[in-house]
Amino acid sequence: MMPTRIATLHLNHKHLECLNSVQELPDSYEWTGVDENSSGDSPITESVPVIDLTDRNASEQVAHACKSWGMFQVTNHGVPDSLLNDVESAGRSLFALPTQQKLKAARSPDTVAGYGPARISSFFNKLMWYEGFTICGSPLEHARQLWPHDYTIFCDVTEKFEEEMNQLAEKLMWLILGSLGITKEDVTWAWASSKGDFKAALQLNFYPPCPEPDRAMGLAAHTDSTLFTILYQNTVSGLQVKREGAGWITVPPLPGALVINVGDLLHILSNGVFPSVVHRAVVNRTNHRLSVAYLYGPPAGVPISPLPKLVDSAQPPLYRPVTWTEYLGIKAEHFDKALSLVRCVCQKTDSMVL
């Protein structure tokens, strides 16, 4: 299944050319039920928690947000506004390039990094109104292909952004684990891993204005394969989270704030206490939307399983140990069935993922 899936994804590069040129929505991009169970313009009775990280009760607030929402926004996080503006500008400059220029840095069939459509595209029979660029490690090779004579600005900005995101991710990791009563002695891999271990990727997402946004989809509903994801979004709304009993809730952009969402591996680590939240992105008619996601995971070869402190006879482990590398392979082939495939056979099928 995997070779066919990747080949299909690679062929979808040709569809990227129409995103900024068509006046009517092509049939290949037409989705049904986009507005179904969406809060839309109706009064919002619930909203994703916003947490000030300098608040002395931040740990308790994070715990509650992770348990009840699987998502929250943070302010006073320490990442300079100027850097957020710089990384947005870097993303704008990338996606403003002619399509044929961007395709020089196209994601190849056997890799993750580079330019292309959404990596979950092949699990759906309709295309998404989306283009993206993934950075794993150094962006230098692809940046040289995009800007042969002027690539250093993009590299400098994205590398500085990754440094700041990593520092924030480490802070959030201990804030989240600490809220469960977990200490560094309980998860030695989280602080004693070698510097060479791959732990993160940077994903730039771009959603151009769409002629018929009510019938198109920016990024289809999914969960992240991470421990958690840190997302910067520009001033244009589009991110939505699936809320049980309330449908799709829009996560509004807040100046300077960052969105944090629980991923599949943190769901496993917490033994199901923290839900891996289902989310998506919708598009609009007049404004482009740009977001930058920092996908934070454990060292690639470390087995992730429910933390011993969260397991007892009354609450046995829900999942078997799985490395990030193995899990990414399962997710790449089975998508929304991935969590159920690593669930302990004695347990019921996972119900927290679409």
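Our subject is the structure that appears above.
Figured I'd write up the structure that's included with this text. (Residues numbered from 1 in each chain as written. Predicted model: local features only at pLDDT ≥ 70, side-chain atom pairs only at ≥ 80, totals over all residues. Heavy atoms only, no water.)

Moving on, we come to the overall build of the chain. A tally of helices and strands in the chain yields ten helices and twelve strands. Taking all 354 residues of the chain together, the buried fraction comes to 53%. Intrachain contacts of the chain at a sequence separation of at least 6 include 76% that bridge at least 24 residues. For the chain, the computed accessible surface area is about 15900 Å², with 53% contributed by carbon and sulfur atoms. (Helix = DSSP H or I, 4+ residues; strand = E, 2+ residues; numbered from the N terminus. Buried < 20%, exposed > 50% of the residue type's maximum accessible area, 1.4 Å probe, protein only. Contact = heavy atoms within 4.5 Å. Areas by Shrake-Rupley, 256 points an atom, 1.4 Å probe, with all protein chains shown as cover.)

It is worth spelling out the nonpolar core at this point. Phe133, Phe154, Trp189, Phe228, Ile230, Leu258 and Leu269 are the most contacted members of the largest nonpolar core, which totals 96 residues. It is helix α6 (residues 152–178) that contributes the most residues to this core, twelve residues altogether. The residues contacting phenylalanine 154, other than those within four sequence positions of it, are Ala90, Leu94, Phe133, Ile135, Pro139, Ala143, Trp147 and Leu204. (Core = buried A, V, L, I, M, F, W, Y, C linked by side-chain atoms within 4.5 Å.)

Further remarks concern helix α2 (residues 58–68). Within α2, the full set of buried residues consists of Ala58, Val62, Ala63, Ala65 and Cys66. The arc that holds the buried residues of α2, viewed along the axis, is 165°, so those residues lie on one side. Relative to its buried face, α2 has exposed residues pointing more than 90 degrees away, namely Glu60 and His64. Note on α2: the residue one or two positions beyond its end, glycine 70, has a positive phi of about 75°. (Arc of directions from axis to C-beta.)

One pass over the structure, following the stated rule, counts ten aromatic pairs. With a centroid separation of 5.0 Å and 40° between ring planes, the pair formed by tryptophan 147 and phenylalanine 154 is classed as tilted. Across the pair, exposure class does not vary: tryptophan 147 and phenylalanine 154 are buried alike. Seen from their ring centres, tyrosine 294 and tyrosine 296 are 6.2 Å apart, and the 25° between their planes marks the pair as stacked. Each member of the pair, tyrosine 294 as well as tyrosine 296, carries the same accessibility label: buried. In this structure, lysine 184 is placed above the aromatic ring of tryptophan 174, and the distance from its NZ or CZ to the ring centre is 5.5 Å. (Phe/Tyr/Trp six-rings, centres within 6.5 Å; stacked < 30°, edge-to-face > 60°. Lys NZ or Arg CZ within 6 Å of the ring centre and 35° of its normal.)

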